[in-house]
Structures are given as C-alpha cells and as structure tokens.
Amino acid sequence: MPPTPRNKTRRSRHSGAVVSTRNKTIPISVFGNVMKQFDAAARKLKLDHNLVEFMKVPRRSTIAKLPVQMDDGSFRMFTGYRVQHSIARGPAKGGIRFHPGVTLDEVQALASWMTWKCAVVNIPFGGGKGGIVCDPYKLSEGELERLTRRYAADLIDLFGPDVDIPAPDVGTGPRVMGWFMDTVSMRSNVSEPGVVTGKPLVLGGSEGRPEATGRGVMFTTREAAKHLHIDLGQATASVQGFGNVGSVSARLLHDLGVTFTHVSDVSGAIHNPDGIDIPDLIEWVAEHRFIKGFPGAKAIKADQVLYAKVDILIPAALENQVTDQNADRIRCRILAEGANGPVTPEADRVLKKHKIFVIPDILCNAGGVTVSYFEWVQNRIGYFWSEAEVNRRLEEKMVAAFDDVLVMSLKHRATMRIAAFMLAIQRVADVIKLRGVYS
Ligand code: NAD
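Residues numbered from 1 in each chain as written. Predicted model: local features only at pLDDT ≥ 70, side-chain atom pairs only at ≥ 80, totals over all residues. Heavy atoms only, no water.

Enquirer: Help me understand the sheet that holds strand β4 (residues 75-86) in this model?
Expert: In sheet architecture, strand pairing relies on hydrogen bonds along the backbone and comes in two forms, parallel and antiparallel. Pairing is mixed across the open sheet formed by five strands, whose spatial order is β3-β4-β6-β5-β7. Each of the sheet's edge strands pairs with one partner strand only, and the pair in question is β3 (60-69) and β7 (164-168). For this sheet, the mean inter-axis angle between neighbouring strands, taken without regard to orientation, is 25 degrees. As paired elements, β3 and β4 share 10 bridges and run antiparallel to each other. From the neighbouring strand, Gln-69 faces β4, where its bridge partner is Phe-75. (Pairing = 2+ DSSP bridges. Helix = DSSP H or I, 4+ residues; strand = E, 2+ residues; numbered from the N terminus. Axes fitted to C-alpha atoms, helices over the stretch in contact; angles between N-to-C directions.)

Enquirer: Please clarify how the packing of helix α2 (residues 49-56) against helix α14 (residues 416-435) should be interpreted in this entry.
Expert: When two helices pack together, their arrangement is captured by the angle between the axes and the distance separating the axes. Viewed as axis vectors pointing N to C, α2 and α14 meet at an angle of 105 degrees, and their least axial separation amounts to 11 Å. With respect to each other, α2 and α14 are oriented roughly perpendicular. Facing Leu-51, Phe-54 and Met-55 of α2, the residues of α14 in contact are Ile-425, Val-428, Ala-429, Ile-432 and Lys-433. Across the contact of α2 with α14, the residue classes break down as seven nonpolar, no polar and one charged. (Parallel < 35°, antiparallel > 145°, perpendicular 65-115°, else oblique. Contact = heavy atoms within 4.5 Å. Nonpolar A, V, L, I, M, F, W, Y, C, P; charged D, E, K, R; others polar.)

Enquirer: Honestly, helix α7 (residues 244-255) in this entry has me stumped. Any pointers?
Expert: It helps to recall that an α-helix has 3.6 residues per turn; residues three or four apart then point in one direction. The end-to-end C-alpha distance of α7, which contains 12 residues, comes to 17 Å, matching closely the 16 Å that a straight helix rising 1.5 Å per residue would cover. Considered for burial, the residues of α7 that qualify are Val-245, Gly-246, Ser-247, Val-248, Ser-249, Ala-250, Leu-252 and Leu-253. Residue Gly-257 follows α7 closely and has a positive phi angle near 105 degrees. (Expected span 1.5 Å × (residues − 1). Buried < 20%, exposed > 50% of the residue type's maximum accessible area, 1.4 Å probe, protein only.)

Enquirer: What am I meant to see in the environment of Arg-60 here?
Expert: Inspection of the secondary structure puts Arg-60 in strand β3. Each C-alpha atom of the pair Arg-60 and Lys-138 lies 30 Å from the other, and the pair is 78 residues apart in sequence. In this view, Arg-60 contacts Arg-82, Val-83, Gln-84 and Leu-158; residues no more than four positions away in its chain are not counted.

Enquirer: For this particular structure, what's the right way to read the confidence of the model for the chain?
Expert: Reading predicted coordinates in detail is not appropriate for stretches of low pLDDT. On average, residues of the chain score 93 in pLDDT, and 94% of them reach the 70 mark or higher. This model gives residues 1-16 a pLDDT under 50, and the stretch forms 37 contacts once residues within four places in sequence are excluded. Confidence over residues 18-22 falls short of pLDDT 50; this stretch has 25 contacts with residues more than four positions distant or in other chains. (pLDDT = per-residue confidence, 0-100.)

Enquirer: Before we go on, may I ask you to explain the packing of α7 against helix α8 (residues 278-288) in this structure?
Expert: The interhelical angle for the contact between α7 and α8, taken along N-to-C directions, is 155 degrees, at an axis separation of 9 Å. Here α7 is positioned roughly antiparallel relative to α8, judged by the angle of their axes. As α7 runs across α8, the sense of the crossing is left-handed. Taken together, the residues of α8 that come into contact with α7 (itself represented by Ser-247, Ala-250, Arg-251 and His-254) are Ile-278, Pro-279 and Ile-282. (Left-handed = near helix turned anticlockwise from the far one by under 90°.)

Enquirer: Any chance you could explain the pattern of salt bridges here in plain terms?
Expert: Opposite charge on two side chains makes pairing possible when the charged atoms of those side chains draw close. The tally for this structure, following the rule as stated, stands at 29 salt bridges. Between Glu-106 and Arg-97 there is a salt bridge, with the nearest N and O atoms lying 3.0 Å from each other. A single burial state applies to Glu-106 and to Arg-97, both of which are buried. Here Glu-223 ties to Arg-222 by a salt bridge, and the two come within 3.0 Å at their closest N and O atoms. Look at Glu-223 and you get buried, because its relative accessible area is 9%. Three or more residues are tied together by salt bridges with common partners; here these are Arg-97, Glu-106, Lys-129, Asp-169 and Glu-319. (Salt bridge = Lys/Arg side-chain N within 4 Å of Asp/Glu carboxyl O.)

Enquirer: Help me understand helix α12 (residues 367-381), please; the structure alone is not making it clear to me.
Expert: With 15 residues, α12 should reach 21 Å at 1.5 Å per residue; the first-to-last C-alpha distance of 21 Å fits that figure. Following α12 by one or two positions, Gly-382 adopts a phi angle in the positive range, close to 70 degrees.

Enquirer: Just to check I follow, could you spell out the site of the ligand for this structure?
Expert: Around the ligand sit 22 residues, and of these Arg-97, Thr-213, Asn-244, Val-245 and Asn-340 come closest. Within the side chain of Asp-169, a nitrogen or oxygen atom sits 3.0 Å from an oxygen atom of the ligand. Sorting the residues of the shell around the ligand by element identifies α6 (209-227), α7 and β9 (259-265) as the ones contributing at least two each. Here the shell around the ligand is built from residues that sort into eight nonpolar, 10 polar and four charged. (Near = heavy atom within 4 Å. Polar contact = N/O pair within 3.5 Å; in protein donor to acceptor, adjacent residues only side chain to side chain.)

Enquirer: What is the right way to read the pairing of strand β12 (residues 312-315) from this model?
Expert: Alternating residues of β12 divide into Ile-312 and Ile-314 and Leu-313 and Pro-315, and every residue in both groups is buried. As paired elements, β12 and strand β13 (residues 334-336) share two bridges and run parallel to each other. Residue pairing for β13: Ile-312 is matched across the bridge by Ile-334.

Enquirer: Got a minute to help me understand a negative patch on the surface in this structure?
Expert: A surface patch of like charges, here negative, comprises Asp-277, Asp-280, Glu-283 and Glu-287. Note on placement: Asp-277 falls in the loop between β10 (268-271) and α8. For Asp-277, a relative accessible area of 35% gives the class partly exposed. (Patch = residues over 30% accessible without salt bridge, like charges linked within 9 Å, V, L, I, M, F, W, Y side chains within 5 Å. Areas by Shrake-Rupley, 256 points an atom, 1.4 Å probe, with all protein chains shown as cover. Lys, Arg positive; Asp, Glu negative; His and termini not counted. Charge placed at Lys NZ, Arg CZ, Asp CG, Glu CD.)

Enquirer: I tried to follow the packing of aromatic side chains on my own but got confused; where do I start?
Expert: Centre distance and the angle of the planes are the two values used to describe a pair of aromatic rings. Taken as a whole, this structure holds 11 aromatic pairs when the rule is applied. For the pair Trp-116 and Phe-421, a centre-to-centre distance of 6.4 Å together with 45 degrees between the ring planes defines the contact as tilted. Here Trp-116, found in helix α3 (residues 104-120), pairs with Phe-421, found in helix α14; they are 305 residues apart in sequence, far enough to count as distant. On the basis of relative accessibility, which here comes to 0%, the residue Trp-116 falls in the buried class. In this structure Phe-421 comes out as buried when scored by relative accessible area, which is 0%. Judged by centre distance (5.0 Å) and plane angle (80 degrees), the rings of Phe-159 and Phe-180 are edge-to-face. Taken together, the positions of Phe-159 in the loop between α4 (141-154) and β7 and Phe-180 in helix α5 (residues 174-188) put the pair 21 residues apart, joining distant regions of the chain. (Phe/Tyr/Trp six-rings, centres within 6.5 Å; stacked < 30°, edge-to-face > 60°.)

Shown next, in the form of structure tokens:
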C-alpha cells in the first residue's frame, strides 16, 4: 500500500527506512528490494522460468546461537548468520558484518548482491554473506575475539578456500579476519590463509585491499563523469558515511580535483561551500573517531548531505537511505553507490525520471571483492604483488566492468542498475546451463 501523508513514518533501527501504511510502519525488506531488482532484469532477459527460480533464492542459510564469555565472567548469547546465495560460478564469497541491526533478511540480500557483483566484475566466485547481531563498539577486544572465534568454529563446516570465503564488512576489519583465519587453521591443523580475505598484510593479506572498495568507487565515478562530460576538476560532491568506503572514495576523488562540500557520519554532518579538506578530515577522524567537531566546516542537519546540490553523491553508509519518501529531493548528477543497497527500487524510478546517473552498488563498490579475489589468488600461488600491480589490475577490471554495463544499458535502454543485473544474471545463467542441475 502506498504511504499516506496522514501517517507518520518512523526510522527503523538499522536501515533507517520504513514504509508507512494506514495502521502501522513496516521496515523495508532489503532482500525484497534485491528480488525486485532481479525480477526487473530477468524479465528483460526473457530467461526460462525454472532457471530464474533456481538463481533467485539463496542455496543455504544458517543461523547459529553463539554463547560467549564476557569480561565480567557472565555468558551472553549472540545470533550469527551465514548465507550462501550461489556457488554456481565458484566458492561463495562475501563479508561478515557486526552490527546491532543485522537480520537474516539483510544477510540474504547482501549475499545475493555478492553473487551479482562477482559476476559483474567477472571473477570466479558465487555470493555469500555473514553477520552477527552485536555492537562491536560496546565489546572489549577480548570479547570480540572470543565472539569471532566462536562464530568461525561453530560454522566451520561451511568455510574453506574452495567453498565459502568471508571478508570484512561493516563493523569488522583485518583484525577480525586474522582471528578467523587462525581459528580455521588451528582446527584443521593446516595454515589456511585463503579461507578469508581482507587479512592483515603479514598474515597473507594483499597490498591495496584496505583501499580497494573506495578506489573502485573512484574508478567507476571517473568513468561515469567521462561518459557524461563532467569535468572532475570543476565537480562538487557529497558523501554520506566516512568509514572505509566513504573516506577512501572521497580522498581519491579529492586527489582528482573534486570539491567535497558535504560529509556525514553517524555523529552528524558538516558543510563547507568552499570545500572540506578531505586529508585533514581523515586525520581528524583517525584521532577523534568521528567527524563531529571538525574545525574546517560547520555542522548541518544530517539529511542535508543527501539533498545537497552537487555533481556527485556517494552514499557510503547503510541500506535504504534513498526511498520513495525522499528520492524527489536528490539533486546530484551522478549517484555512486559506495554502500550496498542505499537506493530502493521505488526510489530508482524517481531518480530515472530526474535523469540521475546511478552507478549501482554491484558495480560501484565491487573493487573490494575484486582485490579480495587477487588476495585469494596470491594466497594460492604463494607469491605477492606490489601495490602498484594490484591497483593496475583493479583499474583494468573496474573499467572493463563499467564499459560492459554501459554497453548493456545503451543496447537495452535500461538503467545502469538493470543493465548490471542483466549482465550478471546472464553470466550466472550461462554457467548453470553448462553445469546442469545435479539431482
Ligand atoms: P565502516 O563501518 O567503515 O563505515 C561506515 C560509515 O557509515 C561510518 O563512518 C559510520 O559513522 C557511517 N554511518 C553509519 N550510520 C550512518 C548514518 N545513519 N548516517 C551517516 N553515516 C552513517 O563501513 P564500510 O566498510 O565503509 O562500509 C560502508 C558500506 O559499504 C556498507 O554498505 C558496506 O556493506 C559497503 N561495502 C563495503 C565494502 C568494504 O570493502 N568495506 C565493500 C563493498 C561494500
């Protein structure tokens, strides 16, 4: 039912978006959004109905109750998820999220996006994702380590370099990946660096991995600007979220001459019409953790970051930020999806009407999984590339993927999102047809 103006909408704890109906508010289903994106692309491809059903649903969803001893001696039960959406093109691949708002619906959506993302950049992986319902900022380092190890040990049968390979996501990073790798290695008595990517460099991580997602956002935004004849040296930008993806994208685009006038994070938002000094802001956040209080800009309302009149908007925080409730207020020319699922399918229609060029998440933020693939390759061959080599290979992959999606978009008169899904679904379908269905 469409939202009615009489009813107030309320923000959900995690995604920040709801649909309001006459009597109640319903959080937007993130997996429901992926299904809608998938269906729209599958219809255009005119694929066989059976194949569509086979590709659409996750192959395996696991829920685990994880008892962990806290520092005060008490035990707490956490809930953990791992979803393998597809293993058609290779092992399931996808991060692990630590966040209080993690749900099975969200993990299924993220796992599905991973399948399509890996296919868009044409790397030999399927899609997976995991999560634990917890607030990592409220756990001590010891508690985080025990929680990570319990998750890895409990679900150990699911993981392996040829089966399912986790990586960092929101709330996790190289430290967590190190514990994960160690737990699996100790259990199997074999050093298993390839069981997880995004590891610290000394544990077999790859040069360039921490910056890879933001670097991919920069490459695809640069290509979009070229296509639209936008001079990046004159362009303005706004970024929502200043964590790994937001800060690296901003710094690399700032290096190309883009002026960032608006930035936000969970602590609030800041604005400077003459441009925020991004390297200074990164230093500030390294010291103070959040952007709040940064002296080089003035505080503004958080949502102004989304509604700023800029050339480039980069949502780099969480899902469902641009919905049918606010899409009319978006005024950028390029919307580069650093985050996964920041725009709902209903909002997509509004953005299309306003001729906003959306670089969809499954293309825009695929740099991370691409360098994760490079890390896995390096682990398997036991030889490591220089950072320049990794970045060069990443650029090659991202530019090729951008071109493939653009060609599909122009050929089928489809948005970049639908084109990216069409390309990915076709690649997965081709593999399934050749492999056949084992039964
Ligand atoms: P992160 O935890 O490093 O950063 C998240 C940022 O978002 C933080 O600055 C946080 O303060 C901010 N934030 C949280 N809620 C906010 C809100 N309501 N308004 C404004 N800012 C808010 O996480 P990340 O790794 O940068 O991931 C960000 C997004 O990118 C996620 O959707 C993630 O799935 C996606 N992504 C990450 C990677 C990766 O390699 N890290 C790869 C692909 C996609």
